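# Working through the structure, step by step
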Amino acid sequence: MRAIIGPNGAGKTSMLNVINGFYHPQTGKITYKGKSRSAMSPNEAANSGIARTFQNVALFHGMSTLDNIMVGRNLKMRRGFFWQALYHGPARTEELENREFIEHIITFLEIEAIRRTPVSRLPYGLQKRVELGRALAMQPDLLLLDEPMAGMNLEEKGDMSRYILDVNEHFGTTIALIEHDMGVVMDLSDRVVVLDYGHKIADGTPGEVQKNQAVIDAYLGVAH
Amino acid sequence: MGEFAYMVLIDPFVQMFELPDFFVQVIWEGFVGGVLYSLIALGFVLIFKASGVFNFAQGIMVVFAALTLVGLNAMGVQAHLALVLTVVVMLVLAFSVERLVLRPLVNQPDIILFMATIGLTYFLIGFGELLFGGEPKIMISDQLGLPSGAVDFDILGGLVSLQKIDIAAIFIAGAMVAVLAVFFDKTRIGRALRAVADDHQAALSVGISLSTIWVVVWFTAGIVALTTGIMWGARSDVSFALQIVAFKALPVLILGGFTSIPGAIVGGLIIGIGEKIGEVYWGPLVGGSIESWLAYFIALIFLMFRPQGLFGEKIIERV
Ligand SMILES: Nc1ncnc2c1ncn2[C@@H]1O[C@H](COP(=O)(O)OP(=O)(O)O)[C@@H](O)[C@H]1O
Ligand SMILES: [Mg+2]
């Protein structure tokens, strides 16, 4: 679990956008699973096991919790258009199998009660949880979380931290976490990267980073 | 003045009351027309929802599909085989539009894509004429096994007569909408389609391929167009004039909202029935043929009170 921190506008979100293929970097390379390339497409990224959540919740507002998470199974379901159009035979079996898988995620995130609720009616904290659920449905190898706890109260933050740790420990998912709450960052992460003005200014264990003079200056806004 | 008010406000209702069988007949005719408007509007909504494109070519797709079907049959292809081949042609059209129009123009402003669909319209007119000729043709309803003739009901002290082809049209349209509803609601691709309509970025992040979705919606809209073309062609004939009728879908969309499938269906029925009643009972007062503009008039009035349409979400202007 690696945290990415830095002042607002440091380029943390941009970094995730590069990794999951929304942005194509002008220079530099992305190395993932031993393969280097200059840019990914979002499709490639998703196909090779990268999932993400967004800083501003990006759920499908017209759909229920269940359907939102089911959309995350998109790549795991392969039956073609004609079977689907008929909603028959293999397509139906596949649908039911995946529906069962989704139930595990729903139980894990403790959102049984809001299964059928349209997500637009959920409070912000729960929306963030559903968004995590959608990413987990992809069974990712790398999970990118952009400020998953922004705007949450202490209790909600505690819950979210627990889910993130569980995912990391039980499923062995690599996690890149952007977070502003330093307590959470220090607790959860194995390593911390610090960005400032689009540059990496530190990379180390939470303890090392905390003592780093460049980091302290960046956060205090010392002139460059 | 008093007499005019009577003619406009009272007399039409007296007529409806005095000849109820005729009134039912009028509603039925309007309803059948409305179903066909609904189908055209449905084609617009599908494409608009999934790709944000207002597809000017929807009307010509109806003509092109019907023309292909009739044209292939005229070349000696058996009717049902021609139907299958026409479906294949609509699939090829969907792939071509995605590859040659949408993909190169992705991330361009909406107006550019709209212009591109105008281009597509003129291409399809020219291409259709080149292959099958421009003169009006007769729909091959009999060869396709569609019923003809009418069923009469003795009710309300008179006679109500329903064309069998119209009854078939309503059943086929209903079945198609039901299949689409299940498809959108319960299948992976249907969900992916709704996801793309809701949030492009989030949809991309779970690995949904926009290209696939675009092909699927354009193909689905093509099938809807083919169905509309067969039904409409069977009532009049298959000619390029038919595409004008597609512009009746515009008031339907204003009424129903550009992104709502139930809106398209209900809007189509309201316009269809409304304009028929207006034409028959109020038309003579102004010398007839108000059918050509009444729909727009209804839509304009409606627009003043509910700009988001019947089922559309309330528009909130963010500043
Ligand atoms: N390395 C970079 N190269 C170019 N532009 C950058 C870079 N890092 C950040 N930016 C710009 O800074 C803005 C804010 O970046 P963002 O990633 O949203 O910051 P954060 O998530 O850290 O608050 C973006 O609009 C982006 O254009
Ligand atoms: Mg950010």
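Residues numbered from 1 in each chain as written. Chains lettered and ligands numbered in written order. Predicted model: local features only at pLDDT ≥ 70, side-chain atom pairs only at ≥ 80, totals over all residues. Heavy atoms only, no water.

### Concerning the pairing of strand β1 (residues 2-5) of chain A
All names here are of chain A.
- Direction of pairing for β1 relative to strand β6 (residues 174-178): parallel, over a ladder of 3 bridges. Pairing of R2 across the sheet is with A176, part of β6.
- Examined bridge by bridge, β1 and strand β7 (residues 191-196) share 4 bridges and lie parallel to one another. Within β7, the position partnered with I5 by the bridge is V194. (Pairing = 2+ DSSP bridges. Helix = DSSP H or I, 4+ residues; strand = E, 2+ residues; numbered from the N terminus.)

### Regarding the packing of aromatic side chains
- Within the structure shown, the criterion is met by 17 aromatic pairs over all chains.
- With a centroid separation of 6.1 Å and an interplanar angle of 25°, the aromatic rings of F22 of chain A and F54 of chain A are classed as stacked. Note that F22 of chain A is positioned in the loop between α1 (12-19) and β2 (30-32) and F54 of chain A in the loop between β4 (50-52) and α3 (65-71), a separation of 32 residues in sequence.
- For F22 of chain A, a relative accessible area of 16% corresponds to the buried category.
- When the ring of F44 of chain B is compared with that of F54 of chain B, the centres are 5.1 Å apart and the planes differ by 20°; the resulting orientation is stacked. Placement of F44 of chain B in helix α2 (residues 20-51) and of F54 of chain B in the loop between α2 and α3 (58-74) is noted, with a sequence separation of 10 residues between them.
- Residue F44 of chain B is classed as buried on the basis of its relative accessible area of 6%.
- Ring pairs connect the aromatic residues F44, F48, F54, F56, F114 and F258 of chain B, which therefore count as one cluster.
- Positioned above the aromatic ring of F54 of chain A, the side-chain terminus of R52 of chain A is 4.4 Å from the ring centre.
- Over the ring of F60 of chain A we find R134 of chain A; its NZ or CZ atom is 4.8 Å from the centre of that ring. (Phe/Tyr/Trp six-rings, centres within 6.5 Å; stacked < 30°, edge-to-face > 60°. Buried < 20%, exposed > 50% of the residue type's maximum accessible area, 1.4 Å probe, protein only. Lys NZ or Arg CZ within 6 Å of the ring centre and 35° of its normal.)

### Here we look at the coordination of the magnesium ion (ligand 2)
Residue and element names in this part refer to chain A.
- The magnesium ion (ligand 2) binds to the protein through T13 (OG1) and Q55 (OE1); the donor distances cover 2.0 to 2.1 Å. You can see T13 sitting in helix α1 and its partner Q55 sitting in the loop between β4 and α3, a full 42 residues away along the chain.
- Take Q55: its relative accessible area is 30%, and that puts it in the partly exposed class. (Donors = N, O, S within 2.8 Å, 3.2 Å for Na, K, Ca; no water.)

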